[in-house]
Amino acid sequence: MIERQRLANLLRNCSRNKLLKQGLQVHGAITKVGFAFDVMLSNDLIDLYGKCGRVDMSRDVFDRMPLRNVVSWTALMCGYLRNGNAEASLTCFCQMRRSPVEPNEFTLSTGVKACGVAGVLDHGMQIHGLSIKTGFDTICVVGNCTIDMYAKCGRIDEAARMFNTMPSMNLISWNVMIAGHVLKNNDAEKALVLFREMQEAGEVPDEYTFTSTLKACDRLGDIKRGSQIHAFLITSGFGISGRPAVAGSLVDLYVKRQNMSEARKVFDRMEDKNVISWSALILGYAREENLRHAMELFKQLEESSVQVDGFVLSSLIGVFADFALLEQGKQMHAYTIKLSCGQDISVANSILDMYLKCGLTDEAEKFFSEMPAKNVVSWTVMITGFGKHGLGKEAVSLFKEMQLEKVELDSVTYLAVLSACSHSGLIDESQKIFSSLCADRRMKRQVEHYSCMVDVLGRAGRIKEAKILIESMQMKPTVGIWQTLLSACRVHGDLETSREVGEILMKMDELNPVNYVMMSNIYLEAGYWRESQKIREEVKERRLTKVGGCSWVEIDKKVNYFYSGDDTHPLIDSIHDTLKEMENRMKEELGYVNQVRYALHDVEDESKVESLRVHSEKLAIGLALVSGGLQRKEGVIRIFKNLRICGDCHEYIKCLSRVLNMTFMVRDANRFHKFQDGLCSCKDYW
């Protein structure tokens, strides 16, 4: 018996410290001395293998046992649950119920916890009922897991009822209840109320409490109370530097509230930085366009012992894609090849998206064709990319190929292909696809699907038909869909419908300056000067301001940003001289005329022609030409803008591509414009 206990102690030490290799050796010794079927030692082996991530070996030991007790079943259930297989844990519980062995409080708590993880409310309620029947529901561990299950299954009221009727509570009870309120669709404000109540009840918060309360502040967007909790942690001597969960929640809170200086202070003091904290800070810098800090921090992450995961890679590549930072994106692509997580399909989809958003359709197609595995997101990203580049027929072809490959479509895929059709004016194809969407009962039509149809009908001049479609929708029309129709009215000079739509927009979204600018432009182009001026005056009275236009261009791996009227760049004089020289050439060779109607927003005493010359996209092109573009004349000059490109700049770049015999690629808020030989891929509709 002494030898048996010694072996049990060795196994428990290996289990506690996750020493798989040593545990295997002890297992061998157990078999050698004839204890292979000993129930206690077999239970310890099941526990050891489960904690070391080898639940398959736990199952093997379990299946070989001639006799099993409640500990055997519970240990195997825990092993499955610990290794992320809640369904197998519940299957094990069901098998146990068919055996003579009765569950104890630990079996029931594990079973109900597995129900919460798997999100199976019915099973959870059944186990809760069994707990009541056997009298185990009054035991803290069972009650706590039951609260957790109800919260995770979206039944926070049931969780609260359980919490309030528990005969005795401990710190875990409070933590589970607070954490439950922070979950999606639950009441984060109530979590902070409970946090105060638990302290009034004499419970001392631990790191799990603070992690949940900080997440509650994040959910509420309440940096003030988050900062107060941070201050409380400091003044109470609760060291956060060695508690990565609490510190990570603080970093995440400050990053999301755009307080990068505080986020960095907390991060720098962390003793054990995990990949979540690294990624939160890196992405925070990137989203604030502080790419230098983001890349410096990423290099530090590479040099650290922290394992980079697929989430960090795909998120960072996504930022490069959004800002069209091609060089950084290519570097990241090369880096992913060296890592095992670089093979994750989410990472591959981000790389594909990056190439498309940077305007490299050929590279994207090649990468797509070589992807070892594709999911619905992969196909949708590629279809979306084709659409943004005006390659509608290619997008439709890929959509049909996707159907032949039996890939399960979703509503986003339909939106991608309908958007591609609208960008390319493929009215017949779009109507067939839209009919297919309407006929598919599994698909839920959204306003965005209708908006694509309104756009494609508007492009074809079928304004009345587009308006009828909006009015026939089952859901309430959005501001966006009416703006789509208003844009079509402007292109085709339909003043009557413009007035009707304009009135609707002013009622729905009276503080949106875009609606006023669109109506002002429509009146002006129709020759209604007074109406146009009246709207402009109303904008001034309401003090409405549009988002400023920003364009950027990457020169020698450095991103250069320009705003309209920007004069801060060191080469600004050369840029202006080059743009004027190009303008004179275009006037002489092509008869180019400035489209002054697009200067409506400018200061009244400023020359409209001069104001057009300093639009952000022109300044970015000017820098590209000054920085060697005029000498090279090969390749493509790529410009990116946060808003829709204006009509004058569109005409200017078309003419520029003709006189210089160069290709310009401009990505605006709507799509890509490929300017070549005096023409644009959008066919002058965008």
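Residues numbered from 1 in each chain as written. Predicted model: local features only at pLDDT ≥ 70, side-chain atom pairs only at ≥ 80, totals over all residues. Heavy atoms only, no water.

A. How the structure looks around the overall build of the protein chain. Of regular secondary structure, the protein chain possesses 36 helices and six strands. Taken over the C-alpha atoms alone, the protein chain extends approximately 105 × 60 × 55 Å along its principal axes. Evaluated residue by residue, the protein chain yields a buried proportion of 51% over its 686 residues. Approximately 33,300 Å² of the protein chain is accessible, and the part contributed by carbon and sulfur atoms is 51%. For the protein chain, the centre of its 86 positive side-chain charges and the centre of its 88 negative side-chain charges are spaced 3 Å apart. (Helix = DSSP H or I, 4+ residues; strand = E, 2+ residues; numbered from the N terminus. Buried < 20%, exposed > 50% of the residue type's maximum accessible area, 1.4 Å probe, protein only. Areas by Shrake-Rupley, 256 points an atom, 1.4 Å probe, with all protein chains shown as cover. Lys, Arg positive; Asp, Glu negative; His and termini not counted. Charge placed at Lys NZ, Arg CZ, Asp CG, Glu CD.)

B. Geometry of the nonpolar core. Judged by nonpolar contacts, the single largest core of 184 residues is most densely connected at F298, L313, L352 and L485. Examining the composition of this core, we find that eight residues originate from one element, helix α17 (residues 275-287), more than from any other. In contact with L313, other than residues within four places in its own chain, are F298, V308, M332, Y335, T336, L339, C341, G342 and V347. If you look at the next biggest cluster of nonpolar residues, it comprises 33 residues, including M582, Y592, L619 and I621. (Core = buried A, V, L, I, M, F, W, Y, C linked by side-chain atoms within 4.5 Å. Contact = heavy atoms within 4.5 Å.)

C. Inspection of the confidence of the model for the protein chain at higher detail. On average, the protein chain scores 91 in pLDDT, and the residues at 70 or more come to 97%. Note on residues 600-607: pLDDT under 50 across the span, and eleven contacts to partners over four residues away in sequence or across chains. (pLDDT = per-residue confidence, 0-100.)

D. How the structure looks around the pairing of strand β1 (residues 550-555). For β1, the tally of buried residues reaches five of six residues, placing the bulk of the element in the interior. Judged from the six bridges that link them, β1 and strand β2 (residues 558-563) form a sheet pairing that is antiparallel. If you follow E554 over to β2, its bridge partner there is V559. With two bridges joining them, β1 and strand β3 (residues 636-641) adopt antiparallel strand pairing. Note that in β3 the partner of S551 across the bridge is K641. (Pairing = 2+ DSSP bridges.)

E. Representation of the packing of helix α21 (residues 345-357) against helix α22 (residues 361-370) within the structure. Two numbers describe how α21 lies on α22: the axes approach to 7 Å, and their chain directions differ by 160°. Classed by the angle they form, the pair α21 and α22 counts as roughly antiparallel. Considering how the two elements wind past one another, α21 and α22 form a crossing that is left-handed. Of α22, the residues touching α21 (which contributes A348, I351, L352, Y355 and L356) are T361, E363, A364, F367 and F368. (Axes fitted to C-alpha atoms, helices over the stretch in contact; angles between N-to-C directions. Parallel < 35°, antiparallel > 145°, perpendicular 65-115°, else oblique. Left-handed = near helix turned anticlockwise from the far one by under 90°.)

F. Focus on the pairing of strand β5 (residues 672-676). As paired elements, strand β4 (residues 663-667) and β5 share five bridges and run antiparallel to each other. Paired with M665 across the two strands is K674, which belongs to β5. Between the antiparallel neighbours β4 and β5 lie four residues. Relative to strand β6 (residues 679-680), β5 runs antiparallel, the two sharing two bridges. Each bridged residue has a counterpart across the sheet, and for F675 the counterpart in β6 is C680. Counting the residues that bridge the hairpin from β5 to β6 gives two residues, and of these D677 lies at a positive phi of roughly 55°.

G. Spotlight on the pattern of salt bridges. All told, the structure shown has 35 salt bridges when counted by the stated rule. Residue R59 pairs with D63 through a salt bridge whose shortest N-O separation is 3.1 Å. Separated by four residues within a single helix, R59 and D63 lie in helix α4 (residues 55-64), roughly one turn from each other. For D63, a relative accessible area of 44% corresponds to the partly exposed category. For the salt bridge of R264 with D268, the shortest nitrogen-to-oxygen distance reads 3.1 Å. (Salt bridge = Lys/Arg side-chain N within 4 Å of Asp/Glu carboxyl O.)

H. Local environment of a negative patch on the surface. On the surface, D362, E363, E365 and E394 cluster together to form a negatively charged patch. For D362, the location among the structural elements is in helix α22. (Patch = residues over 30% accessible without salt bridge, like charges linked within 9 Å, V, L, I, M, F, W, Y side chains within 5 Å.)

I. The arrangement of the sheet that holds β1 in detail. The six strands are arranged β2-β1-β3-β4-β5-β6 in an open sheet whose pairing can be described as mixed. Here the strands that pair on one side only, and so sit at the sheet edges, are β2 and β6. Both β3 and β4 contribute to a ladder of five bridges, which runs parallel. Paired with I639 across the two strands is V666, which belongs to β4.

J. Spatial organisation of the packing of aromatic side chains. One pass over the full model with this rule turns up 15 aromatic pairs. Aromatic pair F195 and F210: ring centres 5.9 Å apart, planes at 70°, arrangement edge-to-face. Of this pair, F195 sits in helix α12 (residues 188-200) while F210 sits in helix α13 (residues 207-220), and the two are 15 residues apart along the sequence. For the pair shown, F195 and F210 are each scored as buried. On the numbers, 5.4 Å between centres and 85° between planes, the contact of F298 with Y335 is edge-to-face. Highlighted residues: F298 in helix α18 (residues 291-303) and Y335 in helix α20 (residues 326-337), separated in sequence by 37 residues. The burial state of F298 is the same as that of Y335; both residues are buried. In textbook terms, an aromatic cluster arises when at least three aromatic residues are bridged by ring pairs, as seen for F195, F210, F232 and F238. (Phe/Tyr/Trp six-rings, centres within 6.5 Å; stacked < 30°, edge-to-face > 60°.)

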